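Letter by letter, the chains look like this.
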Amino acid sequence: MPTCRRKRVVLTEPSETLLQAAKSNPNKEVYYLQQTGEIFETYEAYAARMSFYRLKQFQCEVTGKSGLDYFQALESEQQEAQTMHSRFPEPLKAAVLKAVQWQVVGRLDHLVEAVFDRFKDRYFVDEKVFVDAQGDKFYAKVVQVHPPKTKGESVGVPVENQASSSSVPSPPHEISDDDAAQIHKIGGDLKIPAKEALVRDDPLKYSYKVQILEEQHEKSHEKGKAASKDKAKWSGSFMDVQCSVMSRDRLAFSKSILRRFIRDCVDRDAAVASPWTVKPVIAKHYGVDSVMPEETRKGVEDIKRGEIDKRKKIWEDKEGPPTKKQKKMTAAQEERVKALAVAAEKREREAREKAERQQKAKEEAERLAAEKKKKKPIRYPTEDLDVRLNDKEKKAGLKVKKPTPSKLGLPFGENQGTFEAFLTSWNFLVIYGQPLHLSTFTMDEFEHALRHSLVDPPCALLGEIHSTLIYNLRTVPFTRHSAVLSLLRLQDTLEEDDRVLGVSVDELAGAMADVGNNWERIPLRHTEMRDGWEEALLGCLKDHATFDNFPRLREVLTRLLFAPEPHAEVSSSSSSSRVSSPAANNLSVQSSPSERYYALPPADRIDILTLMCNLAVSSKAVHSHMESCEEQLTALRKEKIEIGRQKKQYTEEMNSLAGETEVKEPVTNGIVPDEDTMMHESSDLSDVPSEDGSETASTSSARQKRSARQKDLRQKAHTQAHAKQRELARAQAASAKQALAEHRRLDEEVNKLERRLEAIEREFRKLLGAVRIKPLGKDRFHNRIWWFDGMGSASLLGSGGVVQYGTGRIFIQGPSEMDLELMLKRDDDDYEARRLEEEGPEGMLAPSEWAQYAEPEELDEFLAWLNPKGVRELALKNSFIKWWSHIAPGMRKRISDLNISAKLPEARRSTRTKSSGHDVSREPYMMWTNRRAVNSV
């Protein structure tokens, strides 16, 4: 039976309720587990049991294999049992099972030892054995077993003489059934002690008639064919042998095989001193008595009773010896007993107080150990929410509260859903600008374009965006008139007089009938300012939009095709591009999309672009671009690895050159004067003639000659030494100069590689943005930090290294639902209070809520608030450090551009003429041009 956690798996029995229900209703449907035969009343119980059986936590009880499910373990046990039963000698099975039946042995190993010792030298009829004869081992079959002979009978022929017996079978000596039943009866009975059984039924006194089947191992052919013929003649012959020359195959009979056989065939109850019993089916098959004899039953009960008494005595000894009946005591004895009782009570009280003191001391030690364990220094970085600022860090100036990000400063920030759709659309258009043939534009330009409400002058940015998307959606499969079909299906669920903005579904469908029907063939040329893109847009919506992918389909189409009454329409006299024309409440005059698009509120325009971007994702051009980006990313990864190897090699060479230069530097600093030079100079001074004139002229002349010769010799030696030193110095100087030049060259190569690595990082960011967008990281409260610049077709640096930006801001998105749930599951009870303290009520962002940092100073404060002891904020801070040279300049460049655009109207205003407002056409978003536009498109 397979085991689970070292316990046998017990099959589930049907409940009493189920059995009663089955009796009352035989046709009741139940769930049947075929592999185990279990029956379940509900599917939940069946599925739970099946899930339990499928867990990889079961073990094969026979082989010990673990990590299996129940059915694999059961199959393994069945295969091993089948192999074991096929190997174990069949004639031996019944004798072994009869021997172990009703045996009371604690451990299975002890039972196996006893059985093996009894049967290792006892053989039975039809058993196949090995026989040693004259140095050769033969494979033989036991034909007859002769019990020990009486004293009057002659002993069988010795084995040495039997080897030469004839191959003609000798007439078998018939054995009666009574004799066959007595074979090994005493020796195989485990109730009889082993020594007594050996004396009464000695296996060495048995003789066996065996028939040679074949030789086990053929000898080498060196002895020739004659030897082979001699051995062949033994095949089929009979001989009488004893157990001393007989043996079994170890693959058929050994302690391990015997243990597996017994464990597979017997069982035992869990009660104390329960006997081993052969399983009923196996006992019936091998003729083993399944009814316990009365004598055996009494013996088992005696053993069980003795074991119980033994355990009971052990428990009584632990509790103390039984008290004996005492005699009546005298008064003096009673006084003495009382005194002893008082002393014993006092000792007991003192012992109890001492135990209490020890217990208190132990608890105090445990408390101190727990506090010490709590104060154990934490290895940083760790979980961010486990990091708290201590008083020392607060006094050092570390910020506790995060700078509050701005929500109102977001484009269309009054509605978080609108902003998120706006951000998604801008990001898609910028990232996939190359396959869309659309130049990049900033988020501010995109916002101003969506707020543009003047028909004249038209906004080129809006025309290019919609035209490129329309061309792209022509390649995406669509259903003709899908919007009209959706409206008609909606009409079936509405009342007859249902109107939206004063227009019914029938009126709207009629107005749509003749507009934008050939949108997929209308030429929207760049050279013609994309004339007609509004009608093509309506046709695109007719064939692509449904209420499933565009819930506000009816309202948007109504605003595109109907206008208010002329006297009710409010003229958009505002010259600011940020002020959009308010839509009339009741639209009754049919109009054209080219006139009505600029009256759409920005939210409707964003919804249209969101739909078109979502559809364009499945286009072939976008998919091809994503695959191309994946290939380029792989190439950049390989190049980055190669550059890293080259940089490491150059650095090692530079370090070796620097070491050589340091070694040579003390020698090349200058020439140290030697002793000969010093002596020469001193000699020159000493050779100056004295002025006192005390020496004679002859002595002075001889001294001068001698001094001149010495001077010449010293001068010559000094010149040679100086020449050698100068030559060595020149060689060292040349070597140092060459090493320095090589060091400079390698340094330049390393700088080139570093610049290339920076370019690879920027290119990697651009390409990765087209495949998947990831935030810079998360803060301690799982707020996601986004920076969208430099991805897709946008670049961080322009020509000449000029800083470029897309958003020029850092966006903060609230934690996801999953992250928020994980934070709430923490043991910290003060999580909300901590978040309120460190973020403030305005800085706490809900899931999918957005805010931004637009000023570099705000971002500096945010970076100072991040704690690098936390894993998330450490990674986030490293990301900021990596891209800081592009983030901060981009933010400053945006602020500068906003200031310039705000001052331009004042600078252009003339004091001589009355101005009616600034020129909208000079706004940055109106001056944008599409440099990637294809002329034919």
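Residues numbered from 1 in each chain as written. Predicted model: local features only at pLDDT ≥ 70, side-chain atom pairs only at ≥ 80, totals over all residues. Heavy atoms only, no water.

Right, let's get into the overall build of the protein. The helix and strand inventory of the protein stands at 31 helices and 18 strands. Taking the intrachain contacts of the protein between residues at least 6 apart in sequence as the baseline, contacts between residues at least 24 apart amount to 76%. (Helix = DSSP H or I, 4+ residues; strand = E, 2+ residues; numbered from the N terminus. Contact = heavy atoms within 4.5 Å.)

The next subject is the environment of S619. Residue position: S619 is located in the loop between α24 (602-616) and α25 (620-668). Separated by 145 residues in sequence, S619 and R474 have C-alpha atoms that sit 9.1 Å apart. Setting aside chain neighbours within four positions, we find S619 in contact with N472, T475 and V476. Within the structure, the side chain of S619 is placed 2.7 Å from the backbone oxygen of A616, a separation counted as a polar contact. (Polar contact = N/O pair within 3.5 Å; in protein donor to acceptor, adjacent residues only side chain to side chain.)

The next thing to look at is the environment of K394. In this structure, K394 sits in helix α14 (residues 391-395). With relative accessibility at 39%, the residue K394 sits in the partly exposed group. Look past the residues within four positions of K394 in its chain and what remains in contact with it is L389 and V400. (Buried < 20%, exposed > 50% of the residue type's maximum accessible area, 1.4 Å probe, protein only.)

Here we come to the nonpolar core. Nonpolar side chains tend to gather and get buried jointly when the protein is soluble and globular. F428, L429, F441, F446, I465, L469 and L557 are the most contacted members of the largest nonpolar core, which totals 95 residues. Membership of the second largest hydrophobic core comes to 30 residues, among which are F88, L97, W276 and V288. (Core = buried A, V, L, I, M, F, W, Y, C linked by side-chain atoms within 4.5 Å.)

As a further point, take the pattern of salt bridges. Going through the model one piece at a time under the given rule, you end up with 48 salt bridges. Here E80 makes a salt bridge to R260, at a shortest N to O gap of 2.9 Å. Of this pair, E80 sits in helix α3 (residues 70-87) while R260 is found in helix α10 (residues 255-265), placing the two residues 180 residues apart along the sequence. Overall, R260 belongs to the partly exposed group, its relative accessible area being 23%. A salt bridge links E294 to R297; the shortest N-O distance between them is 1.9 Å. One end of the pair is E294 and the other is R297, both in helix α12 (residues 294-319) and 3 residues apart, which spans about a single turn. (Salt bridge = Lys/Arg side-chain N within 4 Å of Asp/Glu carboxyl O.)

Before going further, it helps to examine a negative patch on the surface. Together, E855, E857, D860 and E861 line one region of the surface with negative charge. Residue D860 is classed as partly exposed on the basis of its relative accessible area of 38%. (Patch = residues over 30% accessible without salt bridge, like charges linked within 9 Å, V, L, I, M, F, W, Y side chains within 5 Å. Areas by Shrake-Rupley, 256 points an atom, 1.4 Å probe, with all protein chains shown as cover. Lys, Arg positive; Asp, Glu negative; His and termini not counted. Charge placed at Lys NZ, Arg CZ, Asp CG, Glu CD.)

Note that D202 resides in the loop between α8 (194-200) and β8 (207-215). No salt bridge is formed by the buried D202; the nearest opposite charge belongs to K205, separated by 5.0 Å. In contact with D202, not counting residues within four places along its chain, are P148 and A197.

A complete count under the given rule lists 33 aromatic pairs for this structure. Where F419 meets W850, the ring centres are 5.7 Å apart and the plane angle is 70 degrees; that geometry is what we call edge-to-face. Here F419, found in helix α15 (residues 416-431), pairs with W850, found in strand β18 (residues 850-853); they are 431 residues apart in sequence, far enough to count as distant. Take F419: its relative accessible area is 0%, and that puts it in the buried class. Members of the aromatic cluster, joined through ring pairs, are F52, Y53, F58, Y70 and F71. Positioned above the aromatic ring of F130 is the side chain of K137, whose terminal nitrogen or guanidinium carbon lies 5.8 Å from the ring centre. Geometry around W865 places R780 over its ring, the cationic atom sitting 3.9 Å from the centre. (Phe/Tyr/Trp six-rings, centres within 6.5 Å; stacked < 30°, edge-to-face > 60°. Lys NZ or Arg CZ within 6 Å of the ring centre and 35° of its normal.)

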